[in-house]
Amino acid sequence: MHASTHKTSLSNGRVVHASDLGRVTQVKADDLRIMKGLSIKKLTLAPGAIRAPHWHANCVELGYCLTGEALVTVLGTRDFYSVFTITAGQMFHIPSGALHCIENIGAAQAEFIIAFRHERPEDFSLQGTFGAMSDATLGNAYGLPASAFAPMERTTEGAYLVKRQGAPAIPADAGREAAHKFDIEAQPAMLHPSYGTARLGRAQFWPALTDIAMYSLHVTRDGMREPHWHPETAEMGYVHTGHARMTILNPDASTDSWDLAPGDVYFIPRAYPHHIEVLGADEMHFLIFFDQPMPGDIGIRTVPAAFAPGVMAAALGISQDQLPAFPHIVADPLIVARVNPQST
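Residues numbered from 1 in each chain as written. Predicted model: local features only at pLDDT ≥ 70, side-chain atom pairs only at ≥ 80, totals over all residues. Heavy atoms only, no water.

Draft legend 1. Quick peek at the overall build of the protein. When you go through the protein residue by residue, the secondary structure sums to four helices and 25 strands. Judged by the C-alpha coordinates and their principal axes, the protein covers about 90 × 40 × 35 Å. Residues counted as buried form 48% of the 344 residues belonging to the protein. If you take every contact in the protein between residues at least 6 apart in sequence, the share linking residues at least 24 apart comes to 74%. For the protein, the accessible surface area stands at approximately 16,100 Å², while carbon and sulfur atoms represent 54% of it. Here the protein contributes 25 positively and 34 negatively charged side chains, and the mean placements of these two sets differ by 2 Å. (Helix = DSSP H or I, 4+ residues; strand = E, 2+ residues; numbered from the N terminus. Buried < 20%, exposed > 50% of the residue type's maximum accessible area, 1.4 Å probe, protein only. Contact = heavy atoms within 4.5 Å. Areas by Shrake-Rupley, 256 points an atom, 1.4 Å probe, with all protein chains shown as cover. Lys, Arg positive; Asp, Glu negative; His and termini not counted. Charge placed at Lys NZ, Arg CZ, Asp CG, Glu CD.)

Right, here's the structure in full:
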């Protein structure tokens, strides 16, 4: 397989932060030029570490917890405030501009995959905002003397990760349901054939979601994500487990195929036809993000039911009596059984 313009590795991505508090790697349009409207980070937090309070000026944020336990705090407009815990397999959504932080409250390392609804997300830190204001200005805001802020470090950048002092302060109701929390892996699988499942984190099931969605896709060695395209939706995928191969058709009529391993990221622009199949014996698990809260697709399996046999034959350059015996399928199955050997 050759290097692809659609794929890279998040595990070896741009290092945003690395210290004893954790590690952050990122893939955005500067790293994968074809990206548009989406980007991704992997956040690893040591016990007691906090992704410092911050907000994004140009995008919403959608996170998935891979391992560990965290406390997410969100402060938005109109007195919106929420504090909730998340564990492995759960998600959180942060509106654009909302102040938020992620705190590891467990005894082990916590890991997150975080998608952003912009190819170059912009951050503002709480510490940097305080640092941009004079002591007198801050004192006026809080009704305090300017001297109260003299011990504060003057910086307009702000630390990326910080260390908590003492034990975490966890509200008694932090484990309950919250509007911006979604337990995606606890949802019934919308598709559950013996060769794969899909659980859908989209606005249909998560009303607070805006501008973005995610599917948790599992496919076994006996299944395949059928060739399809998303008419109005770009797709960005992260490989959690397993190995797979993707093939895409580009607008210049060239094709691109690449192999995927854990930690890899790929990007498919809107309406580009593509497919995914498992390599090897292990099941694959993808986190697939979309730039719409209700992504839609057209699967190749539904096409023959939409067009007359004469049209299909002409389109495929064969005679009508040479047409395969296409099944009449009007609903996209998303995952199909693999009845033929692995493609090469």
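Text resumes after the structure shown.
Draft legend 2. Region of interest: the environment of Ser11. By secondary structure assignment, the location of Ser11 is in the loop between strand 1 (7-9) and strand 2 (14-19). Note: C-alpha distance between Ser11 and Gly263 (252 residues apart in sequence) is 5.1 Å. If we skip the residues at most four places from it in the chain, Ser11 touches Arg23, Thr25, Pro262 and Gly263.

Draft legend 3. Fine view of the nonpolar core. In terms of nonpolar packing, the biggest core is built from 29 residues, with Met35, Ile40, Met236 and Phe289 touching the most fellow members. Among the secondary structure elements, those contributing two or more residues to this core are strand 6 (61-67), strand 11 (110-116), strand 16 (213-219), strand 18 (235-241), strand 21 (264-268) and strand 23 (284-290). Top element by residues in this core is strand 6. It accounts for three residues. Setting aside chain neighbours within four positions, we find Phe289 in contact with Leu38, Ile40, Leu62, Ile113, Ala115, Ala213, Met214, Ala234, Glu235 and Met236. Judged by nonpolar contacts, the second largest core, of 23 residues, contains Cys59, Phe84, Ile86 and Ile102. (Core = buried A, V, L, I, M, F, W, Y, C linked by side-chain atoms within 4.5 Å.)

Draft legend 4. How the structure looks around the pattern of salt bridges. For the coordinates displayed, the defined rule picks out 13 salt bridges. For Asp259, the salt bridge goes to Arg245, with nearest N and O atoms at 2.7 Å. A residue pair is termed long-range when its members are at least 10 positions apart, and Asp259 in strand 20 (residues 255-260) and Arg245 in strand 19 (residues 243-249) qualify at 14 residues. Across the pair Glu277 and Arg338 runs a salt bridge, and its minimum N-O distance is 2.9 Å. (Salt bridge = Lys/Arg side-chain N within 4 Å of Asp/Glu carboxyl O.)

Draft legend 5. Spotlight on the sheet that holds strand 14 (residues 181-182). Spatial strand order, 2-3-4-11-6-9-14: seven strands in an open sheet with antiparallel pairing. Each of the sheet's edge strands pairs with one partner strand only, and the pair in question is strand 2 and strand 14. Here seven bridges tie strand 4 (residues 39-45) to strand 11, and the two strands are oriented antiparallel to one another. Across the sheet, residue Lys42 finds its bridge partner in strand 11, namely Ile113. (Pairing = 2+ DSSP bridges.)

Draft legend 6. Seen up close, the pairing of strand 3 (residues 22-27). Burial runs high along strand 3: five of the six residues are buried. One ladder, built from five bridges, connects strand 2 with strand 3; its direction is antiparallel. Its bridge partner being in strand 3, Arg14 is matched across the sheet by Gln26. With six bridges connecting them, strand 3 and strand 4 associate as antiparallel partners. Paired with Arg23 across the bridge in strand 4 is Thr44.

Draft legend 7. Inspection of unusual backbone geometry at higher detail. In this structure, Asp211 is a non-glycine residue whose phi angle is positive, near 70 degrees. Here Asp211 shows up in the loop between strand 15 (196-201) and strand 16. Here the phi dihedral of Leu334 falls at roughly 70 degrees; this positive angle occurs in a residue that is not glycine.

In short, geometric facts, not functional conclusions.
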